[in-house]
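# Structural description and commentary
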Amino acid sequence: PFHVGVNLGLGITGTKAPSDHEVWPKLGMQANIIATYHFSENFGIYGEIGWSQLRGLYRGVLGRIDYRLDYFNFKVAPLIYYKEGFIYVGLIGSFKMSAKQTLTDGTEPIFSPNSANFGITAGGGWRIDFLHRIRMVLSLNFDYYFGSWIDAPSKKWHAYGFFFNIGIMFGIGKYKAN
């Protein structure tokens, strides 16, 4: 009932911002170690540890700012299976590994990105069992952060990411024959 593996994802990332700013999403990516444990045929727990890159562009008082956040993430969520399909909704915590903001005129931004954030994660997808203990996983994942990612007077800077992931998982431990 225990599987562990890796997944890679590409998607759209961006930020929710105060109403006096224009925002545009950009392409982001992620790479994770994933694990599932099944309590029964239809219920389990999903866990993930990895890296995500959130990118976007916004225009404010200082001009256009292109940003990139590299986060170390951990996720945990209840998991529901139905045949080969699955869904989960849970929590995400992230720590800043690196951050870069660039104004179009080359000057440095006056606000710095916060070091940690937390939010909600939701996803679903399909598993394809190849062999007894090997499965491919195709999934869509949405992460939304409750905390402001930037240390600015307005706390309405909420990062998000919507990813398509491809992964492979390997079964570990005892299996009962079907």
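For the structure itself, look to the data block above.
Overview of the structure. (Residues numbered from 1 in each chain as written. Predicted model: local features only at pLDDT ≥ 70, side-chain atom pairs only at ≥ 80, totals over all residues. Heavy atoms only, no water.)

## Looking at the overall build of the protein
Looking only at helices and strands, the protein has 0 helices and 8 strands in total. Moving toward the C terminus, one meets the helices and strands of the protein in the order β-β-β-β-β-β-β-β. For the protein, the residues scored as buried account for 42% of the 178 residues in total. Within the protein, residue pairs in contact and separated by at least 24 positions form 63% of the contacts whose partners lie at least 6 positions apart. (Helix = DSSP H or I, 4+ residues; strand = E, 2+ residues; numbered from the N terminus. Buried < 20%, exposed > 50% of the residue type's maximum accessible area, 1.4 Å probe, protein only. Contact = heavy atoms within 4.5 Å.)

## Topic: the side chain of Asn 165
Structurally, the position occupied by Asn 165 is in strand E8 (residues 158-172). Of the polar contacts made by the side chain of Asn 165, one reaches the side chain of Gln 30; its length is 2.8 Å. Apart from residues lying up to four places away in sequence, Asn 165 is in contact with Asn 7, Leu 8, Gly 9, Gln 30, Val 137, Leu 138, Ser 139 and Asn 141. (Polar contact = N/O pair within 3.5 Å; in protein donor to acceptor, adjacent residues only side chain to side chain.)

## So, the environment of Pro 113
Of note, Pro 113 is situated in the loop between strand E5 (85-103) and strand E6 (116-131). For Pro 113, a relative accessible area of 14% corresponds to the buried category. Apart from the residues within four sequence positions on either side, Pro 113 is in contact with Leu 69, Lys 96, Ala 99, Gln 101, Trp 149 and Ile 150.

## Concerning a nonpolar patch on the surface
Together, Phe 2, Tyr 37, Phe 39, Phe 43, Ile 45, Val 76, Ile 80, Ile 87, Leu 91 and Ile 172 make up a nonpolar patch on the protein surface, roughly 930 Å² of accessible area in all. Contributing elements (two or more residues each) for the nonpolar patch: strand E3 (43-60), strand E4 (63-82) and E5. Relative to the assigned elements, Phe 2 resides in strand E1 (residues 2-16). (Patch = residues over 30% accessible without salt bridge, like charges linked within 9 Å, V, L, I, M, F, W, Y side chains within 5 Å. Areas by Shrake-Rupley, 256 points an atom, 1.4 Å probe, with all protein chains shown as cover. Salt bridge = Lys/Arg side-chain N within 4 Å of Asp/Glu carboxyl O.)

## Overview of the pairing of E5
Here E4 runs beside E5; their pairing, made up of 16 bridges, is antiparallel. Within the sheet, the bridge partner assigned to Asn 73 lies in E5 and is Ser 94. Where E4 hands over to E5, the hairpin turn is made up of 2 residues, of which Lys 83 adopts a positive phi near 55°. In terms of strand pairing, E5 meets E6 through 11 bridges, oriented antiparallel. (Pairing = 2+ DSSP bridges.)

## Some points on the environment of Ala 35
Position of Ala 35 among the secondary structure elements: in strand E2 (residues 22-38). Spatially, the C-alpha atom of Ala 35 lies 6.3 Å from that of Glu 48, the residues being 13 residues apart in sequence. If we skip the residues at most four places from it in the chain, Ala 35 touches Phe 2, His 3, Val 4, Ile 45, Tyr 46, Gly 47 and Met 169.

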